[in-house]
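Spelled out, the chains give:
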Amino acid sequence: MVLEIFRKPKYVTVRPETARDSEKRDIPEGLWVKCTRCNEILYTKELEKNFKVCQKCNFHFRLGARERIRMTLDEGSFKEYDNELTTVNPLNFPNYSEKVAAAQEATGLKEAVVTGEGTIDGFPVVVGIMDSHFIMGSMGSVVGEKIARSIERAIEKKLPVIIFSTSGGARMQEGILSLMQMAKTAAALAKLDEAGLLFVSVLTDPTTGGVTASFASLGDVIIAEPGALIGFTGPRVIEQTIRQKLPEGFQRAEFMRQHGMVDMIVNRPQMKETLAKILSLHKR
Amino acid sequence: MALDFERPLLELEAKIEELKRFTKEKGIDFSDEIAMLEKKSRDMKENIFHNLTPWQKVQIARHAARPNTLDYIKALFTDFLELHGDRLYGDDPAVIGGIARYKGIPVTVMGHLKGHDTKENVQRNFGMAHPEGFRKALRLMKQAEKFGRPVICFIDTAGAYCGMGAEERGQGEAIARNLMVMSALKTPVIAAVIGEGGSGGALALGVANRILMQEHAIFSVSSPEAAASILWKDGSKAKEAAEALNLTAQDLLRLGVIDEIVPEPLGGAHSDLTATYHLMDEALERHLKELLEQSTEELVEARYAKFRAMGQTG
């Protein structure tokens, strides 16, 4: 169910010696970066200003959770939920605790999702923002619990929910407990539904496996970022199963829209205004 | 087809048969030897089946002769009326479902359906459903809710099918929708893992008030092969993955995921079908009776609370 989209770094820094390994992928320390897709040399400051989207080819670089919060919520409005929840190793899975510690060290996050509340153009909203740099954004007990709790808080406070997904799927190291987070989060959304509250699911690169097969696919409105890989089974496993190459663009956001799985594709610079518009149309 | 670890036992049993035939044909008395060997065989059987490794359980759970969903429907239910199709695209033979009577009560019964041989497996896509299978299941569940019928699901799949068509038609959405709708279904739901419970494709029929699991069945976040490939980039380490994943019924009871282990006859479900059906019947009837005493609100709330509590955090 999970993924193997552990792809090559999205861009290389022109001065790699100044960056730590983990930073190379995400926070270009150099003055210039090269777009992985079109090879254009981009001025880092310009790239940051353009929401980490290549000005030439519209390639959307992957974002960290904190960057996404900065770009999406009104400045200073974010209040985080449940940051004290910590990951345990329920199966005593070999090297799992070390892997979590390394991911924490590399990302500065406690887990693969940050949840909380804030405002978007003044509209109050509960948000969940996943981060693929934390063990591929995989969903274990903490991710499932944080998402379920944030949905329950939204019900209490009668607020809409927006979740930005990016995930390789269920986290293998917590075994069946990870699988059960799919049921837990989907069940929480059933309650949100019952309460007549809005859920906007934003799919970013990549959204696959158990996250696609649970909350990410259950939005009243589903938005995707351009080019995002979206699917249940990852392309490598499909290719192994059917023993043929997949066509260009298979499982990309544009393909998913064509097949009726997403409502719209929104460029990142327009994401905030689009979300604000949706929120305003659902104002109670 | 014999499993590796069953082989010494089967050889011994063959030997006993041979001695018995000898006794009959030649009139030589081997009764002491036979008694001795029978005791040895019993001890060996107990020793094997009480100490199965997770990987051995994976093999038993996948045994071709293991009773499948249709076998249970035929053995435990009457008046089965199979219903086909998802009303959206097609009918998926990897999931079978319909209306039947259980202990005289109309119920909706369904499950993933594996075959017993290659031909059946090809026809049933090895019990690996496309979105249509999950959507058929969902349609039957909503129908059960409408008519106040309890839902009984048998889980037996390696996982949802990994193919282009499945992706194009929204495999992820189909599973997600089932999880959401099942969690709030206003009727009793029982799921029984009868073989292999693989990933989201299994869970899509598993958001139940009670989850029963046979003694040697497995239920896992992914198949051991896929987990090995994801974790260690080496699908051949499936045995190690099976150990690490905690996928046995005993593990799942300890982790609070399932409600009860349904015993199997010594030798596994496939070794004595009559006993297997009886053991399953006993558990199903008892749980259904308990659930039928609860109000709709209690059923829905209890189901939510059950899944809400799953997982471990610090």
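These numbers come from a predicted model, not from an experiment.

**As for the UniProt feature "zinc finger region: C4-type" (unreviewed entry) in chain A**
Following the UniProt record, the feature "zinc finger region: C4-type" (unreviewed entry) maps to residues 35-57 of chain A here. Secondary structure within residues 35-57 of chain A divides into 26% helix and 13% strand; the distance between the first and last C-alpha atoms comes to 9 Å.

**Looking at the UniProt feature "binding site: Zn(2+)" (unreviewed entry) in chain A**
Residue and element names in this part refer to chain A. UniProt tags C35, C38, C54 and C57 as "binding site: Zn(2+)" (unreviewed entry). Spatial clustering of the annotated residues is evident: they stretch over 23 residues in sequence, but the largest pairwise C-alpha distance comes to 8.7 Å. Along the chain, C35 falls in the loop between β1 (32-34) and β2 (41-43). Other than its neighbours up to four places away in sequence, C35 contacts E40, L42, C54, C57, F59 and F61. Once you skip the residues sitting within four places of it in the chain, C57 turns out to touch C35, R37 and C38.

**A short note on the pairing of strand β3 (residues 105-112) of chain B**
Residues and elements named next belong to chain B. In terms of burial, β3 is largely enclosed, as six of its eight residues are buried. In terms of strand pairing, strand β2 (residues 95-102) meets β3 through eight bridges, oriented antiparallel. Looking at β3, one finds that G97 is bridged to M110. What sits between β2 and β3 in their antiparallel hairpin is a turn of two residues, with K103 showing a positive phi close to 55°. Relative to strand β4 (residues 151-157), β3 runs parallel, the two being bridged by four bridges. Each bridged residue has a counterpart across the sheet, and for M110 the counterpart in β4 is C153.

**Observations concerning the interface of chain A and chain B**
Contacts between the two partners involve 60 residues from chain A and, on the opposite side, 48 residues from chain B. At the boundary of chain A with chain B, total buried surface from both sides reaches about 4500 Å², with 71% on carbon and sulfur atoms. Interface area lost by chain A to chain B is led by M172, I176 and M180 of chain A, which between them contribute 14%. Inspection of the region where chain A meets chain B yields three salt bridges. Here E145 of chain A ties to R308 of chain B by a salt bridge, and the two come within 2.9 Å at their closest N and O atoms. For the interface between chain A and chain B, the tally reads 13 residue pairs in polar contact (both at pLDDT 80 or more). Mapped by element, the contributors of at least two residues to the side of chain A that touches chain B are α5 (141-157), α6 (175-194), α8 (235-242) and α9 (253-258) of chain A. The dominant element in the side of chain A that touches chain B, judged by the number of residues it contributes, is α6 of chain A, at 17 residues. Split by residue class, the side of chain A that touches chain B holds 36 nonpolar, 15 polar and nine charged.

**As for the domain arrangement of chain A**
Residues and elements named next belong to chain A. You can read the domains of chain A as domain 1 (19-61) and domain 2 (62-283). Here domain 1 packs against domain 2, burying approximately 1100 Å² in sum over the two surfaces, 51% of which is carbon and sulfur. Between E67 and K52 there is a salt bridge; the shortest N-O distance is 2.5 Å. At the boundary of domain 1 and domain 2, one finds six residue pairs in polar contact (both at pLDDT 80 or more). The dominant element in the side of domain 1 that touches domain 2, judged by the number of residues it contributes, is helix α1 (residues 21-26), at three residues.

Thresholds, definitions, all that
- Residues numbered from 1 in each chain as written.
- Chains lettered and ligands numbered in written order.
- Predicted model: local features only at pLDDT ≥ 70, side-chain atom pairs only at ≥ 80, totals over all residues.
- Heavy atoms only, no water.
- UniProt positions renumbered as here; feature names shortened; annotations may be inferred.
- Helix = DSSP H or I, 4+ residues; strand = E, 2+ residues; numbered from the N terminus.
- Contact = heavy atoms within 4.5 Å.
- Buried < 20%, exposed > 50% of the residue type's maximum accessible area, 1.4 Å probe, protein only.
- Pairing = 2+ DSSP bridges.
- Buried area = accessible area lost by both parts, 1.4 Å probe.
- Salt bridge = Lys/Arg side-chain N within 4 Å of Asp/Glu carboxyl O.
- Polar contact = N/O pair within 3.5 Å; in protein donor to acceptor, adjacent residues only side chain to side chain.
- Nonpolar A, V, L, I, M, F, W, Y, C, P; charged D, E, K, R; others polar.
- Domains from an automatic or database assignment.

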